[in-house]
Amino acid sequence: MPSIAAARYGKDNVRVYKVERQADGTQIVTEMTVCVLLEGEIDVSYTKADNSPVVATDSIKNTIYIKAKEHPVTPPELYAAYLGTHFVEKYAHIHTANVSVITHRWTRMTIDGKPHPHSFYRDGSEVRTVEAKISKNNIAIRSGINGLLVLKSTGSQFHGFVRDEFTTLPEVWDRILSTDVDCGWAWKTFTSMSAVEEATPKFNRAWEGARSITMKTFAEENSPSVQNTMYKMCESILELVPELDTVNYKLPNKHYFEIDLSWHKGIKNTGKDAEVYAPQSGPNGLIEVTVARSQASKL
Ligand SMILES: O=c1[nH]c(=O)c2[nH]c(=O)[nH]c2[nH]1
């Protein structure tokens, strides 16, 4: 007899915009894409067509709006925790709420050298992410940055790797390095909503710190490999934010290939003469790591 091994349901891609109007006329805007998936005693809705435990996904969407009105939506960790806590407190049979909040960039315009009070622009596809798992007795939060596209035109090397009959890649002491940063940091589990409230100022500080460590390490280090550079980023973030358990990165290595143009009038365009490159859309390397503060077993 088959049985439900895992089930969750909810509303995804709920787009929410909130404005905060300040007394001096400055407005602060936040745009998010929210997903809430509920787990609990809901098996009969799948197995017996019994909808009695089902909080309609339409009601879940409504709740996302109501909680955005009732609570601050920044930092997004706090909003995610308020939202998830609502579902597990309101409905006894809902044991866990999985909340994802993606915050999109609206950067304030500078006009005639001054920050404009109510005009913004999208300065890239980078987003701030929060994934919160809210249960009756604890709140697990993972924060992150996604879609931060970076490139350095020198200051990256890759040599000393396995050379065998499968190898064609030359060793390089100077290469282009580009990646689309996917970085995450997991907070030590919170035991209550008030513990999350108390941590409020730490969330923005961690996001700002992770973002600047990522860029500073990327820019300043003469990288021996993506692996080593991302490990150093993790170490620095763990050092900066003591409340974190783990930090992880997923970095595609977006290759830029040299083009041999010697066939045309003997033009030199390789090695130290390389100027025109062919950016590759794929295949790309993909390097991942999770670094724990303390010794953790590898999954
Ligand atoms: O930083 C790198 N790490 C690798 O594992 C790898 N493999 C590869 O072909 N190029 C690179 N670069």
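Bear in mind the structure is a predicted one, so any value in this text is a computation, not a measurement. (Residues numbered from 1 in each chain as written. Predicted model: local features only at pLDDT ≥ 70, side-chain atom pairs only at ≥ 80, totals over all residues. Heavy atoms only, no water.)

J.: What should I look at first to understand the overall build of the protein chain in this one?
T.: A count of helices and strands for the protein chain gives 6 helices and 12 strands. When its C-alpha atoms are laid out on the principal axes, the protein chain stretches across 75 × 65 × 40 Å. Evaluated residue by residue, the protein chain yields a buried proportion of 39% over its 299 residues. Once local pairs closer than 6 in sequence are excluded, the contacts in the protein chain between residues at least 24 apart make up 65%. Per element, the accessible surface of the protein chain, about 17,300 Å² overall, is 53% carbon and sulfur. Side chains of the protein chain give 34 positive and 36 negative charges; the mean places of these two sets differ by 3 Å. (Helix = DSSP H or I, 4+ residues; strand = E, 2+ residues; numbered from the N terminus. Buried < 20%, exposed > 50% of the residue type's maximum accessible area, 1.4 Å probe, protein only. Contact = heavy atoms within 4.5 Å. Areas by Shrake-Rupley, 256 points an atom, 1.4 Å probe, with all protein chains shown as cover. Lys, Arg positive; Asp, Glu negative; His and termini not counted. Charge placed at Lys NZ, Arg CZ, Asp CG, Glu CD.)

J.: It is not clear to me how the side chain of Arg211 should be interpreted in this structure. Could you clarify?
T.: Secondary-structure assignment places Arg211 in helix H5 (residues 200–220). The class for Arg211 is buried, based on a relative accessible area of 18%. Once residues lying within four places of it in the same chain are set aside, the contact partners of Arg211 are Arg105, Glu126 and Ile145.

J.: Looking at this model, I keep getting lost on the sheet that holds strand S9 (residues 244–253). Mind explaining?
T.: Note on sheets: strands pair through backbone hydrogen bonds, and any given pair is parallel or antiparallel. Here we have 8 strands laid out as an open sheet, ordered S1-S2-S3-S6-S7-S8-S9-S12, and antiparallel in their pairing. Sheet topology places strand S1 (9–21) and strand S12 (285–292) at the edges, where each strand pairs with a single neighbour. Within the sheet, the average angular offset between the axes of one strand and its neighbour, ignoring direction, is 15°. Here helix H3 (residues 76–90) sits on the sheet in contact with strand S2 (27–40), strand S3 (94–104), strand S6 (127–135) and strand S7 (139–152), set at roughly 155° to S3. With respect to the sheet, helix H6 (residues 226–240) is in contact with strand S8 (177–187), S9 and S12, its orientation differing from that of S9 by roughly 155°. (Pairing = 2+ DSSP bridges. Axes fitted to C-alpha atoms, helices over the stretch in contact; angles between N-to-C directions.)

J.: Can you walk me through the pairing of S9 in this structure?
T.: On a regular strand, each side chain points to the face opposite its neighbour's, so the side chains alternate between the two faces of the sheet. Buried residues dominate S9, accounting for 7 of its 10 residues. As paired elements, S8 and S9 share 6 bridges and run antiparallel to each other. By the bridge assignment, Trp185 is partnered in S9 with Val247.

J.: Would you mind showing me how to read the pairing of S3 here?
T.: In the sheet, S2 pairs with S3 via 10 bridges, with the strands oriented antiparallel. Across the sheet, Glu31 pairs through a bridge with His104, a residue of S3. Across 9 bridges, the pairing between S3 and S6 is antiparallel. The residue bridging Ile102 from the neighbouring strand is Thr129, located in S6.

J.: Could you clarify how one ought to interpret H5 in this entry?
T.: Think of an α-helix as turning once every 3.6 residues; residues three or four places apart then point the same way. For H5, with 21 residues, the first-to-last C-alpha span of 31 Å sits near the 30 Å given by 1.5 Å per residue. Of all the positions in H5, only Phe203, Ala206, Trp207, Gly209, Ala210, Arg211, Ile213, Thr214, Thr217 and Phe218 are classed as buried. (Expected span 1.5 Å × (residues − 1).)

J.: Even after reading the chapter, I still don't get the site of the ligand, so can you show me in this structure?
T.: All residues adjacent to the ligand are Phe158, Leu169, Arg175, Ser225, Val226, Gln227, Asn253 and Ile287. Within the backbone of Val226, one N or O atom sits 2.8 Å away from an oxygen atom of the ligand. Between Asn253 and the ligand, the recorded distance is 3.3 Å, taken from a side-chain N or O atom to a nitrogen atom. In isolation the ligand offers 290 Å² of accessible surface; the protein chains occlude 73% of this area. Residues of the shell around the ligand, tallied by class, amount to 4 nonpolar, 3 polar and 1 charged. (Near = heavy atom within 4 Å. Polar contact = N/O pair within 3.5 Å; in protein donor to acceptor, adjacent residues only side chain to side chain. Nonpolar A, V, L, I, M, F, W, Y, C, P; charged D, E, K, R; others polar.)

J.: Please clarify how unusual backbone geometry should be interpreted in this entry.
T.: Trans peptide bonds make up most of the peptide bonds, and negative phi angles are found at most residues other than glycine. Pro75 follows Thr74 through a cis peptide bond whose omega is -10°. Within the secondary structure layout, Pro75 lies in the loop between helix H2 (57–70) and H3. Pro283 follows Gly282 through a cis peptide bond whose omega is 0°. Looking at the element boundaries, Pro283 is found in the loop between strand S11 (277–279) and S12. Not every positive phi belongs to a glycine, and Asn13 is a case in point at roughly 60°. Take Asn13: it is sitting in strand S1. With relative accessibility at 56%, the residue Asn13 sits in the exposed group. Phi at Asp112 takes a positive value of approximately 50°, unusual for a residue other than glycine.

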